[in-house]
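Below are the chains, spelled out letter by letter.
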Amino acid sequence: MKGVVLAGGKGSRLYPLTRVTNKHLLPVYDRPMVFYPIQTLVDADIRDVIIVTGGQNSGDFLRLLSNGKDFNLHRIHYTYQEGEGGIADALRLAEPFVEGEKICVILGDNIIENNIIASKQAFEKQSAGAHIILKEVPDAGRFGCPEISDGRILGIEEKPKSPKSSYAVTGLYFYDATVFEKIGRTKPSSRNELEITDVNNMYLQERTLTHSILDGWWTDAGTFESLQRATNMVSETGANKIPGRGKPPQHSRNSE
Ligand code: DAU
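Residues numbered from 1 in each chain as written. Predicted model: local features only at pLDDT ≥ 70, side-chain atom pairs only at ≥ 80, totals over all residues. Heavy atoms only, no water.

A. Layout of the site of the ligand. The environment of the ligand is formed by 27 residues, the closest being R13, H24, E158, K159 and V169. A distance of 3.2 Å separates an oxygen atom of the ligand from a polar side-chain atom of N110. Take E158: an N or O atom from its side chain is 2.7 Å from an oxygen atom of the ligand. Protein chains shield 96% of the accessible area of the ligand, which is 700 Å² for the free molecule. Put simply, the ligand lies in the largest pocket. Of all the secondary structure elements, the ones that give two or more residues to the shell around the ligand are β1 (2-7), α3 (87-92), β11 (167-175) and β13 (218-220). A per-class count over the shell around the ligand returns 8 nonpolar, 10 polar and 9 charged. (Near = heavy atom within 4 Å. Polar contact = N/O pair within 3.5 Å; in protein donor to acceptor, adjacent residues only side chain to side chain. Areas by Shrake-Rupley, 256 points an atom, 1.4 Å probe, with all protein chains shown as cover. 1 Å grid on protein atoms, 1.4 Å probe; cavity = no way out; pocket = protein on both sides within 12 Å on 5 of 7 lines; lining within 4 Å. Sits in = over half its atoms within 2 Å of the grid points. Helix = DSSP H or I, 4+ residues; strand = E, 2+ residues; numbered from the N terminus. Nonpolar A, V, L, I, M, F, W, Y, C, P; charged D, E, K, R; others polar.)

B. Looking closely at the nonpolar core. Grouped together as the largest cluster of nonpolar side chains are 33 residues, with contacts concentrated most on V5, I38, I51, L65, I116 and W218. Elements that contribute at least two residues to this core include exactly β1, α1 (35-43), β4 (48-54), α2 (59-65), β6 (103-107), α5 (117-124) and β11. Sorting elements by how many residues they give to this core places α1 first, with 4 residues. Other than its neighbours up to four places away in sequence, I38 contacts V5, I51, L65, F71 and L73. (Core = buried A, V, L, I, M, F, W, Y, C linked by side-chain atoms within 4.5 Å. Buried < 20%, exposed > 50% of the residue type's maximum accessible area, 1.4 Å probe, protein only. Contact = heavy atoms within 4.5 Å.)

C. Representation of the side chain of D109 within the structure. Its place among the elements puts D109 in the loop between β6 and β7 (110-112). Judged by relative accessible area, which is 9%, D109 ranks as buried. There is a polar contact of 3.0 Å between the side chain of D109 and the side chain of N110. Discounting residues that sit within four places of it in the chain, D109 has contacts with K23, H24, M33, T219, D220, A221 and G222.

This is the structure we're talking about:
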């Protein structure tokens, strides 16, 4: 399985911090923000990774991450999103790298306490489709929010005024290669972006969308409040002090 880290966008909710740098290079406690999603992939033994970035400071990603050896990556690729056309627009740039394989996509501002190994294993058992990861939150209207009945997702709304559940769709997604054809069928939303929620709803209509609930804390870091929360959570739990943070599957340890 290959990994895609989405680190484009303007980060305008963090102006003026993001006037001179890319949001994902800002510090979260003792590391640049983008280190956390990369580590989340590595903890799940996903070591072929592409970073989708954009804006004026994209060259700094190469300087920071170089050939990925600090993370013990097999392969790190970079690509560049022109403009800020949304999460699905950024993801479609990864298509040539993916070469028909299954992928794990992580938003560059999503930070988790534990790991996504159980969700990855659940998705590996699926012959096709997608798998999303939910987390209960106090402010579901800020996110993609699912309507759930009898443990089944009925639909997902992007930033609803009246959320139909207290769950957020986190920025951690597993897709088969049909995701790119689905992105091709999306239309820009009212905020003029290609929405990943529309893609997830297409999988839902095909009845191939599964989900799991994330263990441990999760936060985005795209607003001043959430950036502060991310910094506090990382520093207070000491998660950042443990190399590798998660528990990689045994075979990856043996092969190192
Ligand atoms: O954090 C989870 C939420 O992320 C989901 O619940 C929502 O369904 C999803 O739409 C997204 O919501 P946000 O409005 O918080 O996304 P934001 O615009 O902050 O973008 C999140 C990341 O996606 C950002 O850190 C980098 C990447 N991105 C975003 C845009 C708009 C890109 O790479 N390119 C883009 O054009």
